[in-house]
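Chain residues, written in single-letter form:
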Amino acid sequence: MESDCLHIYIDYLGSSGIILSSEEKAALQTSLIILQNENKFYRVYFWGKILGVKDNYFIAQGVYKDEFAGRRTFYSKDCIHWGLLPHATLEMKTKSKLAKGRFTGDPSYEFEHVETRKIGDGEEATEEEETTIIKEEERLSSVIAEIDDDVRIIPRGAFIQVPTAEVVKNRSFEGLSVQESAKLCNYMHFREAKRLDLKSLLQRANMDKAIDFMDSIEDDVPRGSWTMQFERGSGLLILRSLQWPGYVFYHVPASQKYGSCYFGTGEKNMDLPFML
């Protein structure tokens, strides 16, 4: 959700339990402008809130002109002071999956994962314990990156890929119609395309390459991982992820108003395939 109109657009998600107090709105509205100016970002987004046991993390992301490149993630516990999170590497993502349970709210906290390994064979076999330390700050960065990769979405046509391969906002985007808003094929994963199966490649080959360079959520696995609901008659479209409970996307049909937020514990619903 763009920080410029956060105090207005956040109300679209109130029915999904995404609510900020007046104090939090005022603090975010001011501090995110300062964050944008200090880092010379092209645009700053309020990403959401991860609920911890002792404290919560407010998350913001800053981007430059090319929104696929150079995204930087920040966290705050008071909506005023922001700390930069490390870039989530593959090693960090792998290690973070070993940490179980909720976040504590302390970025310096260290999770310990103990794994017992058997060395040798027969009677000479011995057991050895291997301890892996996972820093909460690194786990936080990894979970945010995973949520972005799995469920961060935009309406089709909201961004375009220019001839220089940069991904920029489409100034001519006027929103999806009510009929278009009701189709999952008109919502795209905001990341580089990953699906390389024949069906996906053929579909993209017959479409506008400047617009259809991302994967549609229509073919997400498992099927049924998104719920769609119209509110205010047909004046507001809400999409909720069942894979990452707490992620909510909104779009006002026939307008440029759209965005998303995540308010949750940072835990993925691993039981979803068995629930559908």
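These numbers were taken from a predicted model, which means no experiment stands behind them. (Residues numbered from 1 in each chain as written. Predicted model: local features only at pLDDT ≥ 70, side-chain atom pairs only at ≥ 80, totals over all residues. Heavy atoms only, no water.)

Focus: the overall build of the protein chain
- Counting secondary structure elements, the protein chain contains seven helices and 14 strands.
- Once the C-alpha set of the protein chain is aligned to its principal axes, its extents read approximately 70 × 50 × 40 Å.
- Out of the 276 residues belonging to the protein chain, those deemed buried represent 46%.
- Long-range pairs, those at least 24 residues apart, make up 58% of the contacts in the protein chain with a sequence separation of at least 6.
- Taken as a whole, the protein chain presents about 14600 Å² of accessible surface, with 52% of it coming from carbon and sulfur.
- Counting 34 positive and 43 negative side-chain charges, the protein chain places the averaged centre of each group 7 Å from the other. (Helix = DSSP H or I, 4+ residues; strand = E, 2+ residues; numbered from the N terminus. Buried < 20%, exposed > 50% of the residue type's maximum accessible area, 1.4 Å probe, protein only. Contact = heavy atoms within 4.5 Å. Areas by Shrake-Rupley, 256 points an atom, 1.4 Å probe, with all protein chains shown as cover. Lys, Arg positive; Asp, Glu negative; His and termini not counted. Charge placed at Lys NZ, Arg CZ, Asp CG, Glu CD.)

Some remarks on the packing of aromatic side chains
- Going through the model one piece at a time under the given rule, you end up with 16 aromatic pairs.
- Judged by centre distance (5.9 Å) and plane angle (75 degrees), the ring pair of Phe41 and Phe74 falls under edge-to-face. Note that Phe41 is positioned in the loop between helix H2 (22–39) and strand S1 (43–50) and Phe74 in strand S3 (residues 72–76), a separation of 33 residues in sequence.
- Here Phe46 and Phe263 contribute two aromatic rings whose centre-to-centre distance is 6.4 Å and whose plane-to-plane angle is 75 degrees, an arrangement assigned as edge-to-face. Here the residue Phe46 occupies a position in strand S1, and Phe263 occupies one in strand S14 (residues 258–264), the gap between them amounting to 217 residues. In this structure, Phe46 and Phe263 share a single accessibility class: buried.
- Positioned above the aromatic ring of Phe111 is the side chain of Arg139, whose terminal nitrogen or guanidinium carbon lies 4.9 Å from the ring centre. (Phe/Tyr/Trp six-rings, centres within 6.5 Å; stacked < 30°, edge-to-face > 60°. Lys NZ or Arg CZ within 6 Å of the ring centre and 35° of its normal.)

Side note on the domain arrangement of the protein chain
- Segmentation of the protein chain into domains returns domain 1 (1–84), domain 2 (87–151) and domain 3 (152–275).
- Between the C-alpha centres of domain 1 and domain 3 there is a distance of 21 Å.
- The interface is formed by 27 residues belonging to domain 1 together with 30 residues belonging to domain 3.
- When domain 1 packs against domain 3, the two sides together hide about 2400 Å² of surface, and 61% of this comes from carbon and sulfur.
- Inspection of the domain 1/domain 3 interface yields one salt bridge.
- The salt bridge involving Lys169 is made with Glu2; its shortest N-O contact spans 1.9 Å.
- The interface formed by domain 1 and domain 3 holds 11 residue pairs in polar contact (both at pLDDT 80 or more) in total.
- Residue contributions to the side of domain 1 that touches domain 3 peak at seven residues, all from S1.
- Here the side of domain 1 that touches domain 3 is built from residues that sort into 15 nonpolar, four polar and eight charged. (Domains from an automatic or database assignment. Buried area = accessible area lost by both parts, 1.4 Å probe. Salt bridge = Lys/Arg side-chain N within 4 Å of Asp/Glu carboxyl O. Polar contact = N/O pair within 3.5 Å; in protein donor to acceptor, adjacent residues only side chain to side chain. Nonpolar A, V, L, I, M, F, W, Y, C, P; charged D, E, K, R; others polar.)

A word on the side chain of Lys49
- Mapping Lys49 onto the fold places it in strand S1.
- Within the buried set, Lys49 has no salt-bridge partner at all; the shortest N-O distance to an opposite charge, 4.3 Å, is to Glu24.
- The residues touching Lys49, leaving out its near neighbours within four places in the chain, are Glu24, Asn56, Tyr57, Phe58, Tyr262, Phe263 and Gly264.

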